[in-house]
Each structure stands twice: as C-alpha cells, then as structure tokens.
Amino acid sequence: MSEWDNFRSALPPQGWSPRGGQGKNPYPGTESPCGTSSGSAIAVAANLVTVSLGTDLDGAISCPAVFNSVVGIKPTVGLTSRSGPMARTVADAVALLDVIVGIDPLDKGATEAAAKFIPDGGFQKYLNVEGLNGKRIGILRHPFFDDFPPGSSEENTFAGHFQLMRQKGAIFIDNVELKNTNIMINQTESGETITLLAEFKLSLNSYLKDLVSSPVRSLADVIAFNNQNPTEERMKEFGQVIFLASEETNGIGVAEQNAMSKMVKLCKEGIEDLMKEKSLDALIFSEGNAWHVMALGGYPVISVPAGYSKSGSPFGISFAGLLGSDATLIEIAYAFEQATKIRKSPPLG
C-alpha cells in the first residue's frame, strides 16, 4: 500500500512505503503502479495471488486496477466495510465480493444502511454474458476521455469497444456532461479536502487508541515517530505536510459540515440528476479525475482492462452508477469482459 494512503504527503511516489519499499508495476512502459492499494493490484497482475482486497476512499481501487490491468470493484460505500475485491477476471472479483459483503459491527452505520443492496443469493447470478443488452450507458467524454491523442491506439481501441458494445445491445448516450465538473474534480473546491483532514485525525486516533499493542496511539505520536526516524521515513524528501494539517483540525465543526453538505449537493446535481434525466443504467469513462467525482457520493465503480498502448502500458475502462447499482454494473462489466477478452498477462521473467 502507498504510504499512509498517500495522505502523509503528496510527494512520495505511488506504491512506496518505508517498510515495503517501492512497489513495481509488472507491465512494461508503466512507471507507476498507482495507488493507494498498489500491492493488492500488483500481486494479482503478477499472478502471485488469485484475488486480493483493496481499500478505497478516492480511486484507491480503480486506479491501481487500471494501471496493472486487473479488475477492481469499488462497491457502494457500506456494501462492504470500505474494502473491495481485485482479481484477473470479473467472475473472481464478484465471487470475493459475495464473501465480504454484509454488516460489520465496527462500521455498523454504513454497512447496515447498505445491507438492502445485497441481493438474495448474492451477486454471482449477475454474471450475465448478455448483460449489455438494453443497458443505457452515458459516455463521459470531456474531460475523462481527453488523455488519448486523436488517432492513437488507445482512441482506436475504445472506438472498437464502443462498436462491439452496441452490437451486444448497449444503448449509448454520448457526450453526457456533469454539472459543476470543474468543482467536483477539484478536491479542495468540492469540500473533500477539509472533510478528509478532519475525519482522518478522528478515525486514526480512534483506531490507534483501541489497539492491544502499539508504539503509537495518536496522529501526534505518528508525526513524532516520523521526526524521530527521518532517514527511514525519507522526511527530507517527502515531509508530512498533510499529517500536520490534519493534526491542526478540531473535529467536525461548521466548516466541515458545510463541506459535507456541498458534496451532497454536487453529487445530486452533477450525477444523480443526470442519470435520472437520461434514464441511465451506468456512466462510462477511461481513467483520471472521474474517480474523484464518484468518490464524493460513495458511488460504485467497476474497472476492467481495456487494452495496451504501443509500449505495453495497460489502460482500462470504468463503469459507475448510483448507490446500490452494483448488480447492474456487474452485468455490464462482465458482458464487456467476455465480449472483448482483452486482458493479457505481463511478460514476467
């Protein structure tokens, strides 16, 4: 896992931690394994394990899944206790999802609220090769498909995928746009940053306090530990500016409550209203800032391998929907995977 979920500082490379060193993407042409659940994706991609778990707040499953050419399921928040499966196939990921969903006494509020989304008999019955048929899917072009130059192999690959999906019965509504996109992809303007800073300190202090044995019992202790071990922690290079900002917070006050309300409003106006107005079953995008957008409302995202650049670097495709739409996304993702069969193992050796 990337150091402290990339929340100690923005400077460390993805996949690095002082204890584990630098995680490496097994595919050529790709410098980053992305994160923060880097190791979970690397292990699956490199055939070290069949499945793994990642934790997700904001792209921490989707990004490493895409970068390491594996399947990543970021469930509706509360469907599991903040974890999601990674695997080389949608079927394996869904099998693991069925095992981990349910009520967690340590995350009771969220998991009880989402229990209504767990279907009788589990999610594996939604592994339907005809799952694209009749599905209305909105394509988020700008700015979420802008990373690929015109005429590039990536752009041509996606064009082929869209055509194949249409042949399988998918109904595309192209160039759909989210209201207030520029605000939603900016973690500071959306209210996400101020909320995370306050919640991180509260949650970490609570977690460390309850451990049976630990050399640190609070965020302040962790900050002190880093200062006492500057060489191993590479403090001169990376620092801990986010930790320091979090330590300065004093719980959930008016500013944090206002930020949470802002995120709820942004999600309703930007995602929920759009999907209801267009009668969409899912939104589709390649990679990048769309993960930030979906994280604001705790929406489910399933990321699936989509292809490889000329250098061998993987790229992926992600399907997202409203809260509780996990079963529908599984149908879509599985049908896409079975129609394309695009994934290939890395050239290990």
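Reading the values: rules and limits
- In this numbering scheme, every chain counts its residues from 1 along its sequence in written order.
- Reporting in this predicted model follows two pLDDT cut-offs: at least 70 for local features of residues, and 80 or more for side-chain atom pairs to be given and counted; totals over whole chains, interfaces and linings ignore these cut-offs and use all residues.
- The basis for every side-chain value is the complete set of heavy atoms in the structure, and neither hydrogens nor water enter the calculation.
- When a residue's accessible area, from a 1.4 Å probe over protein chains only, is under 20% of the maximum for its type it is buried; when over 50% it is exposed; and in between it is partly exposed.
- A run of DSSP states H or I qualifies as a helix once it reaches four residues; a run of E qualifies as a strand once it reaches two. Both are numbered from the N-terminal end.
- Here the arc refers to the set of directions running from the helix axis out to each C-beta atom.
- Residue contacts follow a heavy-atom distance rule, with two residues in contact if any of their heavy atoms lie within 4.5 Å.
- By nonpolar core is meant a set of buried Ala, Val, Leu, Ile, Met, Phe, Trp, Tyr and Cys residues that side-chain atoms within 4.5 Å join together.
- Paired strands, in this sense, are two strands between which DSSP finds at least two bridges.
- A fitted line through C-alpha atoms represents every axis, and for helices the fit uses only the stretch in contact; the resulting angles, taken between N-to-C directions, go from 0 to 180 degrees.
- Any angle that falls under 35 degrees is termed roughly parallel, while one over 145 is termed roughly antiparallel, one within 65 to 115 roughly perpendicular, and all others oblique.
- Note on residue categories: nonpolar means Ala, Val, Leu, Ile, Met, Phe, Trp, Tyr, Cys or Pro, charged means Asp, Glu, Lys or Arg, and polar means any other residue, Gly included.
- The salt bridge definition used is simple: a Lys or Arg side-chain nitrogen within 4 Å of an Asp or Glu carboxyl oxygen.

- As recorded in an unreviewed UniProt entry, the protein chain goes by Amidase 1 and comes from Platanthera zijinensis.

**So, helix α3 (residues 90-100)**
- The set of residues buried in α3 consists of V90, A93, V94, L96 and L97. Mapping the buried residues of α3 onto a view down its axis gives an arc of 160 degrees, with all of them on the same face.
- Taken together, the buried residues of α3 touch β3 (51-55), β4 (71-74), β5 (83-87), β9 (301-308) and α14 (326-340).

**Some thoughts on the nonpolar core**
- Core analysis: the biggest nonpolar cluster contains 63 residues, and M165, L283, F285, M294 and F319 have the highest contact counts within it.
- If one sorts the elements of this core by residue count, α14 sits on top with 8 residues.
- Filtering out sequence-adjacent residues up to four positions away, L283 remains in contact with G138, L140, V176, L178, I271, L274, M275, M294, S318, F319 and A320.
- Residues F7, F200, V216 and I242 belong to the second largest nonpolar core, which totals 11 residues.

**Describing the side chain of T340**
- Among the structural elements, T340 can be located in helix α14.
- You can call T340 buried: its relative accessible area is 16%.
- In this structure, T340 is in contact with H161 and L164, ignoring residues within four places of it in sequence.

**Some thoughts on the pairing of strand β8 (residues 282-285)**
- The alternating pattern of β8 places A282 and I284 on one face and L283 and F285 on the opposite face, and all of these are buried.
- Strand direction decides the pairing type here: strand β6 (residues 136-139) and β8, joined by 3 bridges, are parallel. The partner of G138 across the bridge, within β8, is L283.
- Note: β8 against strand β10 (residues 314-320), 3 bridges, orientation antiparallel. Within β10, the residue paired with L283 across the bridge is A320.

**Things to note about the packing of α3 against α14**
- Packing of α3 against α14 brings their axes to within 10 Å, and their N-to-C directions diverge by 155 degrees. Classed by the angle they form, the pair α3 and α14 counts as roughly antiparallel. Touching V90, A91, V94 and L97 of α3 are I330, A333, Y334 and E337, all from α14.
- A per-class count over the contact of α3 with α14 returns 7 nonpolar, no polar and 1 charged.

**As for the sheet that holds strand β7 (residues 171-173)**
- The 8 strands are arranged β3-β5-β4-β9-β10-β8-β6-β7 in an open sheet whose pairing can be described as mixed. Every other strand in the sheet has two partners, leaving β3 and β7 as the edge strands with one partner each. Ignoring which end each strand starts from, the neighbouring axes of this sheet average 25 degrees apart.
- Where β6 and β7 come together, 3 bridges link them in parallel fashion. Paired with I137 across the strands is F172, a residue of β7.

**Concerning the pattern of salt bridges**
- One pass over the structure, following the stated rule, counts 9 salt bridges.
- Between R8 and E233 there is a salt bridge, and its shortest N-O distance comes to 2.9 Å. You can see R8 sitting in the segment before β1 (16-17) and its partner E233 sitting in the loop between α9 (219-228) and α10 (235-238), a full 225 residues away along the chain.
- The exposure class of R8 is buried, given its relative accessible area of 0%.
- For E233, a relative accessible area of 8% puts it in the buried group.
- Across the salt bridge formed by E237 and R234, the nearest N and O atoms sit 2.8 Å from each other.
- With relative accessibility at 46%, the residue E237 sits in the partly exposed group.
- Among the charged side chains, a salt-bridge network with shared partners connects E3, R8 and E233.

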